[in-house]
Amino acid sequence: MLERNIAFLNHDTYTDIITFDECVGDVVSGSILISVDRVGENAVMFNKTYENEFLRVLVHGTFHLCGYKDKTESEAKLMRQKEDEALALLADSNL
């Protein structure tokens, strides 16, 4: 994942997800790369289940495809709020 992060985004850091926005007009489309190893590490670090952390990362990437950013502190705060709302909906649906 580090090699892909460097190659595609010029970020020399490990990450749990890379989202490639391929949206055209109102059609949401893209590719999402997820590091299952990093998801596992984050689950332990944040005291979450692997499944919860995986869903959080997947939701995060989906919100990127919907136009949400997380580069600034306020953008990251809104992104986290949206993630929490989506995860609550998923939990309520018994998925």
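Refer to the structure printed above.
Each chain carries its own residue numbering, running from 1 in the written order of its sequence. Only residues with pLDDT of 70 or above have their local features reported here, since the model is predicted, and side-chain atom pairs are shown and tallied only from 80 upward, although totals for entire chains, interfaces and linings are computed over all residues. In computing side-chain values, all of the structure's heavy atoms are included and hydrogens and water are not.

## Quick word on the packing of helix α3 (residues 50-65) against helix α4 (residues 73-92)
And then number 1: Inter-axis angles, ranging from 0 to 180 degrees, are taken between N-to-C directions of lines fitted to C-alpha atoms, where helices are fitted over the stretch in contact. Think of it this way: any DSSP run of H or I at least four residues long counts as a helix, any run of E at least two long counts as a strand, and we number them from the N terminus. The N-to-C vectors of α3 and α4 enclose an angle of 125 degrees; their axes lie 9 Å apart at closest approach. With respect to each other, α3 and α4 are oriented oblique. The two elements α3 and α4 cross, and the hand of that crossing is right-handed. Contacts from Asn 52, Leu 55, Arg 56, Val 59, His 60, Phe 63 and His 64 in α3 reach Met 79, Arg 80, Lys 82, Glu 83, Ala 86, Leu 87 and Leu 90 in α4.
And then number 2: The nonpolar class holds Ala, Val, Leu, Ile, Met, Phe, Trp, Tyr, Cys and Pro. Asp, Glu, Lys and Arg form the charged class, and all remaining residues, Gly among them, are polar. In terms of residue class, the contact of α3 with α4 is built from 7 nonpolar, 3 polar and 4 charged. Reported orientations rely on four angle classes, namely roughly parallel under 35 degrees, roughly antiparallel over 145, roughly perpendicular from 65 to 115, and oblique for the rest. The handedness criterion is simple: a crossing whose near helix is rotated anticlockwise from the far helix by less than a right angle is left-handed, and one whose near helix is rotated clockwise is right-handed. Whether two residues are in contact is decided by their heavy atoms: any pair within 4.5 Å suffices.

## A closer look at the packing of helix α2 (residues 36-45) against α3
And then number 1: Taken N-terminus to C-terminus, the directions of α2 and α3 make an angle of 120 degrees; their axes are 9 Å apart at the nearest point. Overall, the two elements α2 and α3 adopt an arrangement that is oblique. The crossing of α2 and α3 is right-handed. In this structure, α2 contributes Val 36, Val 39, Gly 40, Asn 42 and Ala 43 to the contact, and α3 contributes Tyr 50, Glu 53, Phe 54, Arg 56 and Val 57.
And then number 2: For the contact of α2 with α3, the class distribution of residues is 6 nonpolar, 2 polar and 2 charged.

## Thoughts on the environment of Lys 71
And then number 1: Along the chain, Lys 71 turns up in the loop between α3 and α4.
And then number 2: Between the C-alpha atoms of Lys 71 and Asp 92, which are 21 residues apart in sequence, the distance is 30 Å.

## Thoughts on α4
And then number 1: With 20 residues, α4 should reach 28 Å at 1.5 Å per residue; the first-to-last C-alpha distance of 29 Å fits that figure.
And then number 2: Buried within α4 we find Met 79, Glu 83, Ala 86 and Leu 87. All buried residues of α4 lie within an arc of 100 degrees about the axis, which places them on one face of the element. For α4, the exposed residues set more than 90 degrees away from the buried face come down to Glu 73, Ser 74, Lys 77, Leu 89 and Asp 92. The span expected for a helix works out to 1.5 Å for each residue beyond the first. Residue burial is assigned from relative accessible area. The probe radius is 1.4 Å, only protein chains are included, and a residue is buried under 20% of its type maximum, exposed over 50%, and partly exposed in between. Directions from the helix axis toward the C-beta atoms define the arc.

## Observations regarding the nonpolar core
And then number 1: Among buried residues, the Ala, Val, Leu, Ile, Met, Phe, Trp, Tyr and Cys ones that are joined through side-chain atoms within 4.5 Å form a nonpolar core. Counting residues in hydrophobic clusters, the biggest one holds 5 residues: Val 59, Phe 63, Met 79, Ala 86 and Leu 87.
And then number 2: Secondary-structure elements contributing two or more residues to this core are α3 and α4.
And then number 3: Ranked by residues supplied to this core, first place goes to α4 with 3 residues.
And then number 4: Excluding residues that lie within four positions of it along the chain, Met 79 makes contacts with His 60, Phe 63, His 64, Tyr 68, Lys 69 and Asp 70.

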